[in-house]
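# What the coordinates show
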Amino acid sequence: MQNDGITPDVVTFICILKACGSTGSVGKGKKIHDEIVNRCLLEKNVALGTALVDMYAACGMLAKAQEVHSELCVRDVVSWNALIGGYTQQAQGHEALNCFERMQTDGLSPDVVTFICILKACGSIGAIDKGKQIHEEIVRKGLLGNDTMVGNALVDMYARFGTLPKAKEVLDELLVRDIVSWSMLIDGYTQHGHGEEALKCYEEMQKEGLSPNVVTFTCLLKASGSTGAIDKGKAI
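As a starting point, this report considers the structure included with it. The shown structure was predicted, so the numbers you read here are calculated from the model rather than taken from an experiment.

The next point concerns the overall build of the protein. The secondary structure content of the protein amounts to 14 helices and zero strands. With the C-alpha coordinates aligned to their principal axes, the bounding extent of the protein is approximately 65 × 40 × 30 Å. Counting only residues that meet the buried cut, the protein has 41% of its 236 residues in that class. Sequence separation of 24 or more characterises 57% of the internal contacts of the protein that already satisfy a separation of 6 or more. Just so you have it, the protein exposes about 12000 Å², and 52% of that area is on carbon and sulfur atoms. Looking at charge distribution, the protein has the averaged site of its 23 positive side-chain charges lying 3 Å from that of its 29 negative ones.

In structure tokens form, the structure reads like this:
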């Protein structure tokens, strides 16, 4: 496109930054960042600033992502999500929670994406009290009835904590349960040495007409081995 003498616009830059993030091409991303700054485009477009934050976060350069984010003229929930998601993906749960609190201090309300990232962060660092508070906020906002991914994130968080009765309770209350919901619960039971409960969940899942995926099968085989359920293992 550039060889044809065509100058990129904001949409071009947003797409290319995403491409740089997905391929880890941080060198190219930095050059594009410089071009964006030279053209003074960051002052005019929040989405472009968010794309930069997301690119650096995807490349694992979280300090740079934080720097860019702090320099944005306007920070919205999407730009905060890019930063929180980056810290979560790089297993820096404490930093993700710090960003979450700063976002709220700025007067911004978290959305579904924020909640999914923060629940994962809580699960990764064992922040059970914070996770419970976020669960209560999700319930108050009525989000569990509208979004399966939020429900799945809650099941996964409680399963990571080893609070398996609570994970099962959350799953039972979901209006829609999919194979991901069940697999997270089955994995939780398996990881914490409750193979029999994992196999019971498998039976319940099948009654709902859901077919297991690779993750489910892997967990179930491990559960069968740990409990000596050879016949069940053969059937699986």
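What follows concerns helix H8 (residues 128-140). With 13 residues, H8 extends 18 Å from end C-alpha to end C-alpha; this agrees with the ideal 18 Å at 1.5 Å per step. Taken together, the buried positions of H8 are occupied by Lys130, Gly131, Ile134, His135, Glu137 and Ile138. Looking straight down H8, one finds that the buried residues subtend no more than 165 degrees of arc, so they occupy a single side. Relative to its buried face, H8 has exposed residues pointing more than 90 degrees away, namely Asp129 and Arg140. For H8, the secondary structure elements touched by its buried residues are helix H6 (93-105), helix H7 (112-125), helix H9 (148-161) and helix H10 (164-173).

Glancing now at unusual backbone geometry. Residues other than glycine seldom take positive phi values, yet Cys40 does so here, at roughly 55 degrees. Of note, Cys40 is situated in the loop between helix H2 (26-38) and helix H3 (46-58). Its relative accessible area of 41% is what places Cys40 among the partly exposed residues. Unusually for a residue other than glycine, Ala91 sits at a positive phi of about 60 degrees. The topology assignment puts Ala91 in the loop between helix H5 (77-89) and H6.

This brings us to the packing of H7 against H9. In the contact formed by H7 and H9, the axes pass within 8 Å of each other and the chain directions differ by 10 degrees. As the angle between them shows, H7 and H9 are arranged roughly parallel. The segment H7 lies against H9, with Val112, Ile116, Leu119, Cys122, Gly123 and Ser124 engaging Met149, Val150, Ala153, Leu154, Met157, Arg160 and Phe161. When the residues that make up the contact of H7 with H9 are grouped by side-chain class, the tally is ten nonpolar, two polar and one charged.

Moving on: the environment of Leu210. The residue Leu210 is located in the loop between helix H12 (195-207) and helix H13 (214-227) in this model. Note: C-alpha distance between Leu210 and Thr163 (47 residues apart in sequence) is 24 Å. In this view, Leu210 contacts Arg177, Asp178, Ile179, Trp182 and Met205; residues no more than four positions away in its chain are not counted.

Our focus in this paragraph is the packing of aromatic side chains. Aromatic rings in a pair are described by how distant their centres are and how their planes are angled relative to each other. Under the defined criterion, the tally for this structure stands at one aromatic pair. Aromatic pair Tyr158 and Phe161: ring centres 6.3 Å apart, planes at 80 degrees, arrangement edge-to-face. Placement of both Tyr158 and Phe161 in helix H9 is noted, with a separation of three residues, approximately one turn of the helix. Residue Tyr158 is classed as buried on the basis of its relative accessible area, which comes to 1%. Look at Phe161 and you get buried, because its relative accessible area is 18%.

Take the environment of Ser109 next. Here Ser109 shows up in the loop between H6 and H7. Its relative accessible area of 52% is what places Ser109 among the exposed residues. When the C-alpha positions of Ser109 and Val77 are compared, they lie 7.3 Å apart, and in sequence the two are 32 residues distant.

For the rest of this paragraph, the subject is the pattern of salt bridges. For the structure shown, the criterion picks out eleven salt bridges. A salt bridge links Lys168 to Asp172; its shortest N-O distance comes to 2.9 Å. Of this pair, Lys168 and Asp172 both sit in helix H10, four residues apart, roughly one helical turn. Look at Lys168 and you get buried, because its relative accessible area is 15%. Residue class for Asp172 comes out partly exposed when judged on its relative accessible area of 42%.

Procedures and definitions
- Residues numbered from 1 in each chain as written.
- Predicted model: local features only at pLDDT ≥ 70, side-chain atom pairs only at ≥ 80, totals over all residues.
- Heavy atoms only, no water.
- Helix = DSSP H or I, 4+ residues; strand = E, 2+ residues; numbered from the N terminus.
- Buried < 20%, exposed > 50% of the residue type's maximum accessible area, 1.4 Å probe, protein only.
- Contact = heavy atoms within 4.5 Å.
- Areas by Shrake-Rupley, 256 points an atom, 1.4 Å probe, with all protein chains shown as cover.
- Lys, Arg positive; Asp, Glu negative; His and termini not counted.
- Charge placed at Lys NZ, Arg CZ, Asp CG, Glu CD.
- Expected span 1.5 Å × (residues − 1).
- Arc of directions from axis to C-beta.
- Axes fitted to C-alpha atoms, helices over the stretch in contact; angles between N-to-C directions.
- Parallel < 35°, antiparallel > 145°, perpendicular 65-115°, else oblique.
- Nonpolar A, V, L, I, M, F, W, Y, C, P; charged D, E, K, R; others polar.
- Phe/Tyr/Trp six-rings, centres within 6.5 Å; stacked < 30°, edge-to-face > 60°.
- Salt bridge = Lys/Arg side-chain N within 4 Å of Asp/Glu carboxyl O.

These results come straight from atomic positions and should not be treated as a statement about function.
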